[in-house]
Each structure stands twice: as C-alpha cells, then as structure tokens.
Amino acid sequence: MPNKKQHNKSQWESTAWEGRFTEAADPDAAVFTTSFTFDRELFPYDIQGSIAHTQGLARAELLTASEEKTIIAGLKEIEEEMHKESLSDIASQSTLDEDIHMHIERRLVEKVGEVGGKLHTGRSRNDQVALDLRLYLRAETAKAIDLISALQSSLVTRAEAEITTFLPGYTHLQQAQPVSLAHHLLAYFEMLERDKGRFSDSLKRLDQLPLGAGALAGNSFGLDRKANAKALGFSGVTANSLDTVCDRDAVIEFLSAASMLMMHLSRWSEDWILWASTEFSYISLPDSLSTGSSMMPQKKNPDLLELIRGKTGRVYGSLMTLLTVMKGLPLSYNRDLQEDKEPLFDTMHTIRGALRIMKRLTDEVIFQKYRMMTAANDGLLLATDLADYLVTKGLPFRQAHKVVGKIVYRAIEEKSPFETWPLKTFQTFCPLFKTDLFERLSLQGAIDKKSGIGGTSTKSIRAEIRKIKKRLKP
Ligand code: ARG
C-alpha cells in the first residue's frame, strides 16, 4: 500500500474499506467507534444469521456446495471457540475489530481463507445487525417471559397458603379495609400477567426477516428472502428496505415493556420494604437474602428489594436513551444506531436478575401472620361495613356514611373501640341498628361479603386461583 500513513499503534491493521482510504484508522477513532467491547453478546445470533445467509447464497448459486460447507463449518467452529473464551481472551481482542460482525468475518477468513470473503455477498452490516437484534430479542425475551411465569408460580403457591391470613389493605398508605394476604400477593400476579402480554405482543411485530434489505436499498442478487425467513423461523419479511435498516421499534418496545415490569417490581419492593420495617413487621426476610450494616450491629436491611427499586431507574434511563437516540435520525442507517446495544443488553440482564431475586424472596419470605391479623382486627377497618349494614336496612349510603362518621369520631375521641359497644349505644346514633349488626362487625364477615369476582372473599380468591392455575399450565 504505497503512500499510506500508518499509525504505530493502529488498532485495525486492515479494514474492510481500506481500498478507499489512504490512511489507516487513527487509534483514538478506532477506540471511540468500536462496539466489540459490548456487542460480542450478539455472537450466537450473528452466527445463526450468517449460516442462514450462507445457505441463501448457495440457494442463489452464489456459492458452490463445497464453499457453503466450508463457510458453515468455519462459522460453527468460531461459535464453539467463542463460547469457551475466557475474560482475558476477550479483553485482548477487544480493540481489534470494529464490531462483532467484522470480528467474526475476520476470524472466518483467517480460518477458511479467501472463500470467507464471500460471506458478505448481498448483505450489509446494516441488515445484518437488524437481523441479529431480532434473533437476540426473540430468544432472550422468551427466557425473560419464562422467568416471569416462574415468579408467578411462586406467588400462587404462597397465596394459596394464605387465603385466610388477613391484614389491613391500604389506600393513601392509611389503613382502609381488611384484605386477604393471598389477595395482596395475587395483585402482583396480575401485574406480571400484563407484563407477559406486552413482551409476547412485541414479539409478534418483530416476526419479519430484515435480511435482504442490504445497506438501505435492497440486494442486487435476487436472494430469496422468503426462503431465508422460513429457515430462520420468521413468518414473513420486512416490506421496506429503508425502514428495515434503521427500525429499532422492537428494541424500544422491549425497553418499554421492561420499564413497566420494573415499575411493578419496584412497587412490590416498596410494599415489602415497608412491611420489613420494625413499625410494620409484617414480614421477615431470610438472612441469606438480606444485608447487614458495617457499623450498626442490630441492622438487617432489605437491600435486594431496594436494588430492584433502584434498578428501575436504570431501566427507564435505557428507554429514554434509545427514544432520544432515535428522535433525530434521518432515513436510513446512521451510526447513532449502534448506541442501541448497551441499553438493550443492560436491561435484559437487569430484568433477569430482578426476576430471579424476586422469586427467591417470594419463595423464602416469612409472613408474620400474627402481626398482620392483629392489625387487621382493628374495628375502624370495618367502618365501611357498618355503613353498608345501614344501607341494607334502607338508609341511603350518604346518610349511612355520616352516621358511621359520627360513631368513628366518638370511638376515637373516647378511645373506646366501637366493636365493644352494646347495641344501645349504636341505637343512639341510628335506630336502624339491630342485633344482627354484630355478625357484620367481624373481620371474617367483612371479608366474606366481598364475594364478587375480583373481591377479597375466601370464595372469590379460591375461584381466582383455580382460574390462574389453568392459565399457568403450559
Ligand atoms: N456496529 C454497527 C451497529 O451496531 C453495525 C453496523 C455498521 N454499519 C455501518 N454502516 N457502519 O449499528
């Protein structure tokens, strides 16, 4: 290469585009542009896509059968090697290549010789990376969905054993009405069910093959995209090459579903952090899933739950990152798009970790039933039931609310729980009170009344669990 300025410490001794260039890459530029430090995670999918592409090239008679065999064998060997590489192997390679795609291609040529250079026929890294992302999302999201199902199963198991454990339900974090602990646990089940729906739904839209879109305009080799789609398990092909090479909707949908999932796990964490406090003492966490203080010997802290709550911010950040990266991009591919990888991978790792930890906590948390039941036994939680009782005796609810408001006021003022009052005292507030009042003024009675679908009665929850178990069956 005459007249080429060589940098002593050039990262890329040769590049795919060296024909056009008179200077080797500046080392700073090389370090700044490489994504190999993080997109290595795509390697199994890059190889899967490249094998399908090789077969497509052979079908189009752009490769002989023996060339096809050689390339595929080389790719499979590289995949095996990469699975075995240690962290130090990876670190030593990290600045050699611009990205995972160039890395694999370089190794292929080193392994199989010149014929490896035919792999990139009719393909650009732009449609290649779009394919890798879809393959990654399809497989890795399915694993995340399985983790959600596993967490849901744990919730159902714990709920089933706690149908008749009652605790105060809260609104505004003020004690409101008694509820079953199972009901509280199954509320998280429902949130997770919607999360699963969002993840599965996003997979429907990514079910189109991007390969064949080329750099931006399509490919000139008449590659059979439908056959490639079939080989890779996609039910169709993308319709517009310009859109295809710069579409990251699937990643954004994933990040958005992940944000909602984390929001749910974070709310749940917040509940349990409160419950683990001395003031509530509704739960104890196992020592193995808690942390201590380096200074205060008495402390046992719910750090795992706090980290789930904290990592929620990080996942929202990833969603904002990619939405912001995308908002100013003209058609079609722009290098900005490389910034999609870290938020995606980081989020995938974060939700998996959070789901696994939440499952462990759900399996092993100790419910302090006595504390819950004691708190639930406060008559003030039955004030609404008292008003409902008067309604059954014919009083309009607004008036009943007022009557019971006065009863509650007196009970609090005189520090005299109304559930201990004789009937006479109630009758001074309203003559409609009769002896059957005391049946209503019980915790079990109040719970049992909420017997519609979605209510907290023992009957409703049993029915709900039956339905859920059917749904959870694979
Ligand atoms: N590493 C790049 C990415 O992740 C691959 C595509 C590179 N394409 C290009 N035209 N420079 O987006």
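Residues numbered from 1 in each chain as written. Predicted model: local features only at pLDDT ≥ 70, side-chain atom pairs only at ≥ 80, totals over all residues. Heavy atoms only, no water.

(A) Broad picture of the environment of Gly292. Considering the arrangement of structural elements, one finds Gly292 in the loop between β5 (283-284) and α12 (303-326). The exposure class assigned to Gly292 is exposed, which follows from its relative accessible area of 56%. For the pair Gly292 and Pro302, spaced 10 residues apart in sequence, the C-alpha to C-alpha distance is 9.0 Å. When near neighbours in sequence (up to four residues on either side) are disregarded, Gly292 contacts Lys299 and Asn301. (Helix = DSSP H or I, 4+ residues; strand = E, 2+ residues; numbered from the N terminus. Buried < 20%, exposed > 50% of the residue type's maximum accessible area, 1.4 Å probe, protein only. Contact = heavy atoms within 4.5 Å.)

(B) Representation of the nonpolar core in the model. Counting 97 residues, the largest nonpolar core has Phe199, Leu265, Trp268, Trp272 and Trp275 as its most contacted members. Element by element, the count of residues in this core is highest for helix α11 (residues 249-275), at 14 residues. Excluding anything up to four places from it in sequence, Leu265 contacts Leu151, Leu192, Ile308, Ala354, Leu355 and Met358. In terms of nonpolar packing, the next biggest core, distinct from the first, is built from 22 residues, Tyr389, Leu390, Ile407 and Ala411 among them. (Core = buried A, V, L, I, M, F, W, Y, C linked by side-chain atoms within 4.5 Å.)

(C) A look at the pairing of strand β2 (residues 174-180). Note that strand β1 (residues 166-171) and β2 share 5 bridges and pair antiparallel. Considered in β2, the bridge of Phe166 is made with Ser180. Between the antiparallel neighbours β1 and β2 lie 2 residues, among them His172 with a positive phi of about 55 degrees. (Pairing = 2+ DSSP bridges.)

(D) Quick look at the site of the ligand. Around the ligand, the structure places Ser35, Asp99, His101, Arg125, Asn126, Val129, Tyr333, Arg335, Gln338 and Lys341. Ser35 is positioned with one of its side-chain polar atoms (N or O) 3.5 Å from a nitrogen atom of the ligand. Burial of the ligand by the protein chains amounts to 87% of its free accessible area of 340 Å². Sorting elements by how many residues they give to the shell around the ligand places helix α7 (residues 125-160) first, with 3 residues. For the shell around the ligand, a count of residues per class yields 2 nonpolar, 4 polar and 4 charged. (Near = heavy atom within 4 Å. Polar contact = N/O pair within 3.5 Å; in protein donor to acceptor, adjacent residues only side chain to side chain. Areas by Shrake-Rupley, 256 points an atom, 1.4 Å probe, with all protein chains shown as cover. Nonpolar A, V, L, I, M, F, W, Y, C, P; charged D, E, K, R; others polar.)

(E) Quick look at the packing of α7 against α11. Interhelical geometry of α7 versus α11 gives an angle of 20 degrees and a closest axis separation of 11 Å. As summarised for this structure, α7 and α11 are arranged roughly parallel, according to the angle between their axes. Here α7 and α11 pass one another in a crossing that is left-handed. Between α7 and α11, the residues in contact are Leu133, Leu137, Thr141, Ile148, Leu151 and Leu155 and Ala250, Val251, Phe254, Leu261, Leu265 and Trp268, respectively. Here the contact of α7 with α11 is built from residues that sort into 11 nonpolar, 1 polar and no charged. (Axes fitted to C-alpha atoms, helices over the stretch in contact; angles between N-to-C directions. Parallel < 35°, antiparallel > 145°, perpendicular 65-115°, else oblique. Left-handed = near helix turned anticlockwise from the far one by under 90°.)

(F) Spotlight on the layout of surface pockets. Taken as a whole, the second largest pocket encloses approximately 300 Å³ of empty space. In terms of lining, the second largest pocket is formed by 14 residues, of which the most central are Gly169, Tyr170, Thr171, Val179 and His184. For the lining of the second largest pocket, the elements supplying multiple residues, two or more each, are β1, β2, α8 (181-205) and α11. Among the residues making up the lining of the second largest pocket, the classes are represented as 8 nonpolar, 5 polar and 1 charged. (1 Å grid on protein atoms, 1.4 Å probe; cavity = no way out; pocket = protein on both sides within 12 Å on 5 of 7 lines; lining within 4 Å. Points joined across faces, edges and corners; volume = space filled by probe spheres on them.)

(G) Representation of the confidence of the model for the protein chain within the structure. Taken residue by residue, the protein chain gives an average pLDDT of 94. The fraction at 70 or more is 97%. Counted against residues more than four places away or in other chains, residues 1-11, with its pLDDT under 50, gives 22 contacts. (pLDDT = per-residue confidence, 0-100.)

(H) Local environment of the pattern of salt bridges. Applying the stated rule across the entire model yields 36 salt bridges. Put simply, Arg40 and Glu85 hold a salt bridge, and the shortest N to O gap is 2.9 Å. Of this pair, Arg40 sits in the loop between α2 (36-39) and α3 (43-59) while Glu85 is found in the loop between α4 (65-84) and α5 (87-93), placing the two residues 45 residues apart along the sequence. Residue class for Glu85 comes out buried when judged on its relative accessible area of 15%. With a closest N to O distance of 3.1 Å, Asp385 and Lys450 form a salt bridge. Of this pair, Asp385 sits in helix α15 (residues 383-392) while Lys450 sits in the loop between α19 (443-449) and α20 (458-472); the two residues are 65 residues apart in sequence, bridging distant segments of the chain. Residue classification places Asp385 among the buried residues on the basis of a relative accessible area of 1%. Residue Lys450 is classed as partly exposed on the basis of its relative accessible area, which comes to 25%. Look at the salt bridges and you will find they share partners, linking Arg40, Glu77, Glu81, Glu85, Arg107 and Lys111 into a network. (Salt bridge = Lys/Arg side-chain N within 4 Å of Asp/Glu carboxyl O.)

(I) Representation of empty space enclosed by the protein. All chains considered together, the criterion is met by 1 cavity of 30 Å³ or more. Taken as a whole, the largest cavity encloses approximately 50 Å³ of empty space. Lining the largest cavity are Ala130, Leu133, Arg134, Leu137, Asp247, Arg248, Ala250 and Val251. When contributions to the lining of the largest cavity are tallied by element, the ones reaching two or more residues are α7 and α11. Split by residue class, the lining of the largest cavity holds 5 nonpolar, no polar and 3 charged.

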